[in-house]
Amino acid sequence: MERLWIKKIKRSASEEAANKLITKYYKEIYAFIYKQTLDNELTLDLTQEIFISVLKSIHHFDDKKASFRTWLYKLASNRLVDYFRSKSYQYTQKEHPIEEYEFQDEQNIVISLEYKEDYEKVISLLNELDATSQQIVRLKLFGEYTFQEIEAIVAIPLSTVKTKYYAALKRIRYTMKECHYE
């Protein structure tokens, strides 16, 4: 069915086929983006930008090189890397009124705030990596792709994918440990 939709979009810019294709993947891409931003409005914007990009560049999609899903995730992860490197992205923590959070008890407050702080630090460290390493880590951790699938998306050897992934994790872990001891 997906191939038929793509053909209709390529051939006649079918709005119906485009809507079906987007509907099929929207929640999945939204979740992939949200796991990395924890910001609903930003996730909606980025997800929309990604699907606009997909429709504009669908003529470049070649099902002989990769599945549509693989191609879609490549575009999505590239867009995230671009966003996190953009001037509009600031490393400052957004302030959220504490009233927005619903905590059961004081212990939950401490755990939730520590988690948010650690999460933001990990994302910040991830953003400091080179684009390929960022893409590999994002696809593995947030997209839950296998190394073989990532190899196909980033088009580099499997051994390089694994090396970059484990080196990035090692760097992030080391820096996180250093932060906790300061």
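Before reading on, note that the structure itself is shown above.
Everything numeric here is computed off the predicted structure, so don't read it as measured data.

Conventions and cut-offs
- Residues take numbers from 1 onward in each chain, read along the sequence in its written order.
- Totals for whole chains, interfaces and linings use every residue, but because this is a predicted model, local features are given only for residues with pLDDT of at least 70 and side-chain atom pairs only at 80 or more, for both listing and counting.
- As a convention, hydrogens and water are excluded, and side-chain values are obtained from all of the structure's heavy atoms.
- Grid spacing is 1 Å over the protein atoms alone, the probe is 1.4 Å, and a cavity is where that probe fits but cannot get out, while a pocket is an open set with protein on both sides within 12 Å along at least five of seven lines and lining residues have an atom within 4 Å of a point.
- Grid points are joined across faces, edges and corners, and a volume is the space filled by probe spheres set on the points.
- Classification used: nonpolar for Ala, Val, Leu, Ile, Met, Phe, Trp, Tyr, Cys and Pro, charged for Asp, Glu, Lys and Arg, polar for all others including Gly.
- Two rings belonging to Phe, Tyr or Trp (six-membered ring only in the last case) form a pair when the distance between their centres is within 6.5 Å. Interplanar angles under 30 degrees mark stacking, angles over 60 mark edge-to-face geometry, and anything in between is tilted.
- The secondary structure listing takes helices from DSSP runs of H or I that are at least 4 residues long and strands from runs of E that are at least 2 residues long, numbered from the N terminus.
- A simple rule labels every residue: compare its accessible area, found with a 1.4 Å probe on the protein chains alone, to the largest value its type can have, and call it buried under 20%, exposed over 50%, or partly exposed in between.
- We define a polar contact as two N or O atoms separated by no more than 3.5 Å, with the added condition that, inside protein, one atom must be a possible hydrogen donor and the other a possible acceptor, whereas residues neighbouring each other in sequence contribute only through side-chain atom pairs.

(A) Just the layout of surface pockets, in detail. Roughly 180 Å³ of internal volume is contained in the second largest pocket. If you trace the second largest pocket, you find it lined by H60, F61, D62, K65, A66, T70, W71, K74, A152, I153 and A155. A breakdown of the residues in the lining of the second largest pocket according to their chemical character gives 6 nonpolar, 2 polar and 3 charged.

(B) Geometry of the packing of aromatic side chains. Counted by the stated rule, this structure contains 13 aromatic pairs. Judged by centre distance (5.9 Å) and plane angle (20°), the ring pair of Y26 and F51 falls under stacked. With a gap of 25 residues between them, Y26 in helix α2 (residues 15-37) and F51 in helix α3 (residues 40-57) connect regions that are remote in the sequence. Taking relative accessible area as the criterion, Y26 reaches 28% and is therefore assigned partly exposed. An aromatic cluster of three or more residues is present, and its members are Y25, F61, F68 and W71.

(C) Just helix α6 (residues 131-141), in detail. All buried positions along α6 are accounted for by S133, Q134, Q135, I136, V137, R138 and L139. With a side-chain oxygen lying 3.2 Å from the backbone nitrogen of T132, the N-terminal cap of α6 falls on D130.

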